[in-house]
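# Observations on chain architecture
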Amino acid sequence: SAGDESTRWSPELLERAASIRAIVFDIDGVMTDGRLYRDDSGQEIKAFHSRDGLGLKGLMRNGFEVVALTARNSRLVQVRMRELGIENLHQGREDKGAAFAEILQQLDLDAAQVAYMGDDLVDWPAQVVSRRRRRVDHRAGRLCHPCSRRPRRGPGSGRTAACGPRSAGRMAAVVPVKHRRWS
């Protein structure tokens, strides 16, 4: 039952999940394994996991805004996001702090209402923006990252059990969707 399953997550995590309205995902290292592949003609190749697609679609079906934010430009990413129905795609945004602030303004949300999933140093400025805009907790509503990133210490660190591209995005989608259904 839902009550039995909810005991897998800390009360702090469930409380944060209640306020989440949007989730921003990095691409390379979160939706992919972070490696850059090129074929003989120089064409970029990325591997996306189908479970991430299912998780992202599940978020959207349950009323969450899903945003993709990447420092690189890739036609392949544009095609994949279109396949998933993700219209809010920000590419070529090396200053993720500024991009995240714009996303908050665009969505008319507070940082506490937005979860952010990133895996590398380029993602930190978005998390700093989140801290500045949040008075109580000093973090976005939920910061999470795939297991390929070096873990933070402490409870509720946001580390998923999956490594990009092995469905880390899907795993990050589970708690907000489940919490919304239980509420």
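Before going into details, it helps to say that this report is about the structure given with it. (Residues numbered from 1 in each chain as written. Predicted model: local features only at pLDDT ≥ 70, side-chain atom pairs only at ≥ 80, totals over all residues. Heavy atoms only, no water.)

### Let's talk about the pairing of strand S6 (residues 114-117)
On S6, burial covers both faces: Val-114 and Tyr-116 on one face and Ala-115 and Met-117 on the other are all buried. Pairing of strand S1 (residues 22-25) with S6, which is carried by four bridges, proceeds in the parallel orientation. Bridge pairing in S6 links Ala-22 to Val-114. (Buried < 20%, exposed > 50% of the residue type's maximum accessible area, 1.4 Å probe, protein only. Helix = DSSP H or I, 4+ residues; strand = E, 2+ residues; numbered from the N terminus. Pairing = 2+ DSSP bridges.)

### Description of the pattern of salt bridges
With the rule as written, the count across this model stands at nine salt bridges. Between Asp-28 and Lys-46 there is a salt bridge, with the nearest N and O atoms lying 2.5 Å from each other. A residue pair is termed long-range when its members are at least 10 positions apart, and Asp-28 in the loop between S1 and strand S2 (37-38) and Lys-46 in the loop between strand S3 (44-45) and helix H3 (50-61) qualify at 18 residues. Side by side, Asp-28 and Lys-46 carry an identical accessibility label, which is buried. Because the salt bridges share partners, they merge into one network encompassing Asp-28, Glu-44, Lys-46 and Arg-72. (Salt bridge = Lys/Arg side-chain N within 4 Å of Asp/Glu carboxyl O.)

It is worth stressing that arrangement in space is one thing and function is another; only the former is reported here.
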